[in-house]
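Each chain, letter by letter, is given below.
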Amino acid sequence: MNRSSDDFEAAVGTTLAELARVDRSTVAETHAFIAALPDRHPGRALLRWPDRWSAGLAAAVVGLVAVAVVASALGGLNNAPAASATPSPQPTASGEPNVVPSSPPIVFATASPVVPAFNETLPVVMTGANLWMQGWSPDGSSFAIAEQPPDTPPSTRGIPVVHLFKRDMTPEGTVDASQLAWTDATHFVALRYESSSDGTAGGHVYAGRIGSVQLTQLPGNFQRLVSGPSGAVALMQWWDGTPETPTHYVVLSGGAESDARDGYPVAWSRDGSLLAIIHPTGPPPPRGVGSQVTGWIEVVGSAGQSVVKASSANTWISSEMAFTPDGSRLAFQDDTHAADGRDEIGVLTVATGQVQMLGHFGPMTWLNSYQLLYVDTWSSIPSENVKVMVWSDTDGTFSSYSTGNVLTANGWGGMVVGMNGGDVNLGTTGPTNLTLVRQNGWGIVVGTVALGNEVFGEIPGDSWSPDGQMVVLVVGDGQSPFQDAVLAQ
Amino acid sequence: MEAAIIDAAMDRPFEGDRQVSRELIERAVAGDRAAFDRLVEPYLAVALGAARLITGSEADAADAVQDALLHAWQGLDRLRDPALFPAWFRKIVIRSATRTVRGRRHLVELDLDIPAPPDSLDSEVDRRLLARAFGRLDRKDRVLLTLHHYWQMPVAESAQLLGLPEGTVRSRVHHALKRLRASYDAEVRR
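Now for a description of the structure that goes with this document. This one's a predicted model, so the numbers in the text were calculated from it and none came from an experiment.

Scoring rules and cut-offs
Residues numbered from 1 in each chain as written. Chains lettered and ligands numbered in written order. Predicted model: local features only at pLDDT ≥ 70, side-chain atom pairs only at ≥ 80, totals over all residues. Heavy atoms only, no water. Helix = DSSP H or I, 4+ residues; strand = E, 2+ residues; numbered from the N terminus. Contact = heavy atoms within 4.5 Å. Areas by Shrake-Rupley, 256 points an atom, 1.4 Å probe, with all protein chains shown as cover. Buried < 20%, exposed > 50% of the residue type's maximum accessible area, 1.4 Å probe, protein only. Core = buried A, V, L, I, M, F, W, Y, C linked by side-chain atoms within 4.5 Å. Salt bridge = Lys/Arg side-chain N within 4 Å of Asp/Glu carboxyl O. Expected span 1.5 Å × (residues − 1). Bend = angle between axes of the 7 residues up to and from the residue. Polar contact = N/O pair within 3.5 Å; in protein donor to acceptor, adjacent residues only side chain to side chain. Pairing = 2+ DSSP bridges. Axes fitted to C-alpha atoms, helices over the stretch in contact; angles between N-to-C directions. Phe/Tyr/Trp six-rings, centres within 6.5 Å; stacked < 30°, edge-to-face > 60°. Lys NZ or Arg CZ within 6 Å of the ring centre and 35° of its normal.

Quick look at the overall build of chain A now. Each helix and strand in chain A was counted, giving 4 helices and 34 strands. Of the contacts made within chain A by residues no fewer than 6 positions apart, 44% connect residues no fewer than 24 positions apart. Accessible area for chain A stands at about 19300 Å²; split by element, carbon and sulfur atoms hold 54% of it.

So, on to the overall build of chain B. The helix and strand tally for chain B stands at 8 helices and 0 strands. The helix and strand sequence of chain B, counted from the amino end, reads α-α-α-α-α-α-α-α. Across the 190 residues in chain B, those meeting the buried criterion constitute 60%. Contacts in chain B between residues at least 24 apart in sequence constitute 71% of all its contacts with a sequence separation of at least 6. Summed over all atoms, the accessible surface of chain B reaches about 7500 Å², with 48% contributed by carbon and sulfur.

Generally speaking, soluble globular proteins have nonpolar side chains that are buried together. Core analysis: the largest hydrophobic core is formed by 63 residues, its most contacted members being Phe36(B), Leu76(B), Phe85(B), Phe89(B) and Leu180(B). If one sorts the elements of this core by residue count, helix 2 (residues 33-55) of chain B sits on top with 12 residues. Once residues within four sequence positions are removed from consideration, Phe89(B) is found in contact with Val40(B), Tyr43(B), Ala47(B), Leu69(B) and Ala72(B). Core analysis: the second largest hydrophobic core is formed by 21 residues, Leu274(A), Ile297(A), Val308(A) and Met321(A) among them.

Here the focus is the pattern of salt bridges. Residue and element names in this part refer to chain B. For the coordinates displayed, the defined rule picks out 7 salt bridges over all chains. A salt bridge links Arg27 to Glu23; the nearest nitrogen and oxygen atoms lie 3.9 Å apart. Residue Arg27 and its partner Glu23 are both found in helix 1 (residues 22-29); the two are separated by 4 residues, about one turn of the helix. A salt bridge links Arg27 to Asp32, with the nearest nitrogen and oxygen atoms 3.1 Å apart. In this structure Arg27 comes out as partly exposed when scored by relative accessible area, which is 31%. Through salt bridges that share partners, Glu23, Arg27 and Asp32 make up one connected network.

This part takes up helix 2 of chain B. Residue and element names in this part refer to chain B. For helix 2, with 23 residues, the first-to-last C-alpha span of 27 Å runs short of the 33 Å given by 1.5 Å per residue. Bending of helix 2 peaks at approximately 55 degrees at the position of Glu41, with proline Pro42 no more than four residues after it. Where helix 2 begins, one side-chain oxygen reaches toward the backbone nitrogen of Ala34, 3.0 Å away; that side chain belongs to Asp32. Count one or two residues on from helix 2 and you reach Gly56, which has phi positive near 95 degrees.

Moving on to the sheet that holds strand 25 (residues 371-376) of chain A. Residue and element names in this part refer to chain A. With antiparallel pairing, 4 strands are arranged side by side in an open sheet as 24-25-26-27. Each having just a single partner strand, strand 24 (364-366) and strand 27 (398-403) make up the two edges of the open sheet. For this sheet, the mean angle separating the axes of adjacent strands, direction not counted, is 25 degrees. Pairing analysis gives 6 bridges linking strand 25 to strand 26 (residues 387-392), with the strands arranged antiparallel. Within the sheet, the bridge partner assigned to Gln371 lies in strand 26 and is Ser392.

What follows concerns the packing of aromatic side chains. Counting across every chain of the model gives 10 aromatic pairs over all chains. With centroids separated by 6.2 Å and ring planes inclined at 80 degrees, the aromatic side chains of Trp182(A) and Phe188(A) adopt a geometry described as edge-to-face. Accessibility expressed as a relative area gives 4% for Phe188(A), which makes it buried. Taken together, Tyr43(B), Phe85(B), Trp88(B) and Phe89(B) form an aromatic cluster joined through their ring pairs. A cation sits over an aromatic face here: Arg181(B) above Phe8(A), 4.7 Å from the ring centre.

Residues and elements named next belong to chain A. The buried fraction of strand 34 (residues 482-488) amounts to 7 of the 7 residues, a majority that puts the element mostly inside the structure. Neither face of strand 34 is left uncovered, since the one carrying Phe482, Asp484, Val486 and Ala488 and the one carrying Gln483, Ala485 and Leu487 both have all their residues buried. Examined bridge by bridge, strand 2 (residues 124-129) and strand 34 share 5 bridges and lie antiparallel to one another. The partner of Val124 across the bridge, within strand 34, is Val486. Where strand 33 (residues 471-476) meets strand 34, 5 bridges bridge the pair, whose relative direction is antiparallel. Within strand 34, the residue paired with Val474 across the bridge is Ala485.

Turning to helix 3 (residues 58-75) of chain B, a few remarks are in order. Compared with an ideal rise of 1.5 Å per residue, which puts 18 residues at 26 Å, helix 3 of chain B spans 25 Å between its outermost C-alpha atoms and is within 8% of the ideal. Every buried residue belonging to helix 3 of chain B is among Glu58(B), Ala61(B), Ala62(B), Ala64(B), Val65(B), Gln66(B), Ala68(B), Leu69(B), Ala72(B), Trp73(B), Gln74(B) and Gly75(B), and all of these are buried.

Shown next, in the form of structure tokens:
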């Protein structure tokens, strides 16, 4: 049964087209339905727009007026576009560093109360459209959440807005960017996709600081940021997505870029001393969206020196990888048997280069440095996709850990597990984590948090604060474009 | 940190989208049902098809699309840019179809009316078995494959629709395809 990926994907497209056929009478009924639609009610909104938007808009207008007044008084920002209330850098065609005077971030001095999209019991950081977590500063004093405003052209770059918050949920400002990574407690870099003067798309990275109105463009054309909890950041250079084209990245250190290094960066160790990269080898990506360039894995040091090469460990470029908290092992999603439709979780021991295949597959996270949790999804039966398993590196055993299809852990015993569509259990197994843990000891589920709706999208690892005390969850229902970002602790 | 991955080849306007007339939208906003019909006509058949793939039945698909049409009709005045209408309508349709099957815990058996292949060829994919395998996927996988392998939706658009980074969408589609393949192989072995 040797079917090429292209053959199979072509058959999928053809089969779905055949399955999707509907009778002409159904189309006719639909037209009849349109003809019988009730009268429109101008101004009536079926989709619920949280009051925050109107209140927030008012606050923004007030903020803009305030900014304009301040700018006018200072005399240096008179040309700032009225609609740009956030740092809004302009790239230079030469790619040289470009210090951009910009209007200051919106200061939420009179922050309007957040009106959640759902009935939340946890503190709501913000309510907005299409939210996703962008990580915490290394010292845990601040965090960032990106938002894609609704009803905007999805292909437009630069539209996402990253909201910055203090640990106590006080807003600190916003940055127009698709990605943001913290380099220390107050400094960050932000990636914006912008068109160059010749019309070609590109990604530009800007360095910024909390409280500053200036963003400094870093030289180069970049595609993505890869950041770690320590503040280590790798900038992936623009790549055409083909294995024939070399991949390069640079590492930020002290605000400066390293020389370009070979590889596709994926994940940092917690202390920033190790970086997992992929060396793309092929195959050439077929036409399907799900087709991925694959390659072998290498772990390098922060200075770029090779630590271990695992040529037998194959994965694809958007796969998940995760170092253990102590950096001794790297879990990855193996692609070796992709032709058979089988994926496996692999674990690379950094010190020896040994690769162990687990024979199971699913979203994964390290509970600690020797226990790997994963959602066992190796089933096409939906009702079976609810098992959280644990693999122990010490004795190689597998055991059932919990029930759920939502999973995240901070590596220090704190974890979130549960069934999407209902309550999420906030549990722990370690003494170094939540305050409640110290009161209740090891392995005890210390509380259940009720969310206003499902966990929306996923819970990335960087949702956890560096000290493991807090986790930001995005709650949504998949119907409304709005979600709540809530803080669990 | 999950990252948005940009594939320049994917970063293009949706080829299936036609230029949407502002006049049509304005007339529809004013309550002209015929104008609204003309507005949605280019997208109706494919919307019904996508809804059928997600819900598993033609009747449910019709219900889902009618629900979407009602939402679009009543929310049309909030659409600021006519060029956004196709993506906006697609989003409403997908959400409506997903809502229709929401809460279903059982598998949905698709109505299979695909003709049998002329010969049983080992080298070819049996589309009837593939259809059955698709019917055994869970809702999320069906939605993903419908968006990308039937509707040919750009990654950026589905990422926004699903609330996921683009790289994650690619990875999820990758896995959905693999699960479909595994499900298909299981059907073949039966």
